[in-house]
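An overview of the molecular structure
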Amino acid sequence: MASLKIQGRLWVLQRNGELISDIDTDMIFHNQYLAITDIAKMGQYAFDNLEGFKDFAKLAKPGDIVLAGDNFGSGSSRQQAVDCFTSLGVKAVIARSYGAIYKRNAINSAFPVITMPDAKASDFSHLETVVLDMEKGLLRDRKVEPMSGVQKDIFFAGGLFQYAETLKK
Amino acid sequence: MGRTLIQKIISKHGGGECAGGDVVWMDIDNRSARDFAGANVVGNLEKYGGDSPIADPEKTFFTFDCNVPANTIPYATNQHRIRLYAREQHLKVWDVNAGIGSHVVIEEGLAKPGTTTIGTDSHLNIMGAVGAFGQGMGDVDTAFAFKSGKIWFQVPESVKVTLKGMPAPGTEAKDVALAMLREFGSHTLLGKSVEVQGEWLDQAELSDCITFASLGTELGAIIILLPPNQKVLDAFSMKREEAVYADDDAVYEKEYTLDITGLTPLLAAPPNPHNVHAVSEYADTKVDGVFIGSCTNGSYADMAYAAKLLKGRKVADGVMLKVVPATRTTWMRLLHEGLLADLFDAGAIVSNAGCGGCASGQIGMTGSGEVQISTSNRNFTGKQGKGDTYLAGIGTAAASAVLGRIASVNELEEV
Ligand code: SF4
């Protein structure tokens, strides 16, 4: 059963001490791989176009959590930019803000994207193990926005269409 | 605490006592997909829809308007895939003869004040023209709405814009919309629900409201919501109590005033809709083509105005005038009332109802270096061809067609 309280290593996506902002979908999952439709094969390309984190896919472990700056996932509407994390077993992304389409895509596929309006790189050490409580809205001891009711509905159903099934019962 | 128009519409559709920023489930009255992305909606429903893929066939339909009739094999194939699916599921298709989906849905009285509509057209927020909610969505969200009758939505913050005063004669709804783009650009209203009011809107025709609200997408707004005036209520045979209005003490994140007193005709020069200038600044620019139509300026009243201006006049030598009514109903009225003859005699090429010059070059594209005046809503490079597209109202478009250079309607009256 999916849980709203998870524990994992925190990837602090930073450059010169600042969380990286405007990580677009081409940095997350480059358009040269768009022909891939099998989720299992997507993970290996995650962030392979993000300067400084090109070896992310090799080093990431199931359960890891990603922390970034503003406007994460801006750009195209490609679903692969969400699915590549599921593929690696990454459990959540936390960012100061998101591209609107990215956020919809992630929520719709039951992948937790959590907003942390005042996130700072200096509050965490890279790859430290943290607890993320998406119910209470806590990352370690810092406040994040808790999941909305809608996001929880879809998260527990396992996706948007799976949620539609639960409506009929 | 008083509530804004969008909050009241969403509450009425199952969203509870929602505030800006809340994420809610909301019921959708009209669930639509157009030929663009419609086939993906079908694909999603086939994949995830299960045994009962459609919540309510009466409220669910397809509108073909981008490429009508299809002139590429992929569009033709997609449209037919949709037709077959719609037959099987007993869904209505407004097919290639019907016209622009958003206008059809208003014309049919489905999108009336206070209702909710979503679909795969990014200009569906045009429903704000009648004080209704509308929103373009991706193919996954649209398929989900087909299946469940709901979408999830983050309630936008509401802002209020008061338009002060009345524009000069010869200035039309498009010019007022362009004045909004000049004032606010594409960032100030980003992600907001923008409620607009003022003396000019109190007397505006339904078609003016449609033109004005259609540029919400270019403003970056979630929607421009206009409280229905008497003319809009009459168009739907509704009483004021049946429509939804903001509370008098509604609280807005911000309030703005835009003075439109004495406003004269404007245009948006390339390369984007925010590059707004007075028409007079471009008076010497030679024009090669003129497009009159689109969801912004394709209503019957727009076409009738164009016909009135062109009656007894001739399009200048070497200028192509392309006219595309938004819907078949408008087309039929123009035909039966003889206005089509006025357009035709002036030299216009009139095409079948649809998105026309705005999508996939249904009535031709522009070539490099070609100057076109268009009454549509986007002039990004490539959208209507490789040429330079200037966005303007009907009067400017018609006057420019006759004079062969960029001109405002007041100059036409001197000819
Ligand atoms: S006329 Fe243009 S902007 Fe309007 S719905 Fe059609 S393609 Fe979109």
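In this text the structure is predicted, and so the values were computed from the model without any measurement. (Residues numbered from 1 in each chain as written. Chains lettered and ligands numbered in written order. Predicted model: local features only at pLDDT ≥ 70, side-chain atom pairs only at ≥ 80, totals over all residues. Heavy atoms only, no water.)

Some remarks on empty space enclosed by the protein
All names here are of chain B. Overall, the coordinates contain two cavities of 30 Å³ or more when judged by the stated rule. Ser32, Ala33, Arg34, Thr63, Asp65, Gly101, Ser102, Val105, Gly119, Thr120, Asp121 and Leu124 together form the lining of the largest cavity. Where the lining of the largest cavity is concerned, the elements lending two or more residues are strand 2 (30–34) and helix 4 (101–107). Among the residues making up the lining of the largest cavity, the classes are represented as three nonpolar, six polar and three charged. In this structure, the second largest cavity occupies an estimated 30 Å³ of space. Considering the residues around the second largest cavity, the lining is formed by Phe291, Lys322, Gly357, Ile363, Gly364, Met365, Gln372 and Gln384. (1 Å grid on protein atoms, 1.4 Å probe; cavity = no way out; pocket = protein on both sides within 12 Å on 5 of 7 lines; lining within 4 Å. Points joined across faces, edges and corners; volume = space filled by probe spheres on them. Helix = DSSP H or I, 4+ residues; strand = E, 2+ residues; numbered from the N terminus. Nonpolar A, V, L, I, M, F, W, Y, C, P; charged D, E, K, R; others polar.)

A look at the sheet that holds strand 8 (residues 138–139) of chain A
Residues and elements named next belong to chain A. In space, the seven strands of this open sheet follow the order 6-5-4-1-7-8-9, with mixed pairing throughout. Of all strands in the sheet, those with a lone pairing partner are strand 6 (113–115) and strand 9 (142–143), marking the two edges. Pairing between strand 8 and strand 9: two bridges, direction antiparallel. By the bridge assignment for strand 9, leucine 138 is matched with lysine 143. (Pairing = 2+ DSSP bridges.)

Regarding the domain arrangement of chain B
All names here are of chain B. Split by domain assignment, chain B resolves into domain 1 (5–154), domain 2 (158–259) and domain 3 (266–413). Distance from the C-alpha centre of domain 1 to the C-alpha centre of domain 2: 23 Å. Counting residues at the interface gives 25 residues for domain 1, matched by 27 residues for domain 2. Between domain 1 and domain 2 lies a buried interface of about 2100 Å² when both sides are counted; carbon and sulfur atoms form 69% of it. When the area that domain 1 buries against domain 2 is broken down by residue, the three leading residues are Leu5, Pro113 and Ala129, summing to 30%. (Domains from an automatic or database assignment. Contact = heavy atoms within 4.5 Å. Buried area = accessible area lost by both parts, 1.4 Å probe.)

Some words on the site of the ligand
All names here are of chain B. Taken together, Arg34, Ile100, Asp121, His123, Ser294, Cys295, Cys355, Cys358, Ala359 and Asn377 make up the full set of residues near the ligand. Residue composition of the shell around the ligand, by class: five nonpolar, three polar and two charged. For the shell around the ligand, the two domains that each supply at least three residues are domain 1 (5–154) and domain 3 (266–413). (Near = heavy atom within 4 Å.)

A look at the interface of chain A and chain B
The interface of chain A with chain B comprises 15 residues on the first partner and 18 residues on the second. Both faces considered, chain A and chain B share a buried interface measuring about 1500 Å² in area, 68% of it formed by carbon and sulfur atoms. Counting the contacts that link chain A with chain B gives two salt bridges. For arginine 104 of chain A, the salt bridge identified is with aspartate 141 of chain B, shortest N-O distance 3.0 Å. (Salt bridge = Lys/Arg side-chain N within 4 Å of Asp/Glu carboxyl O.)

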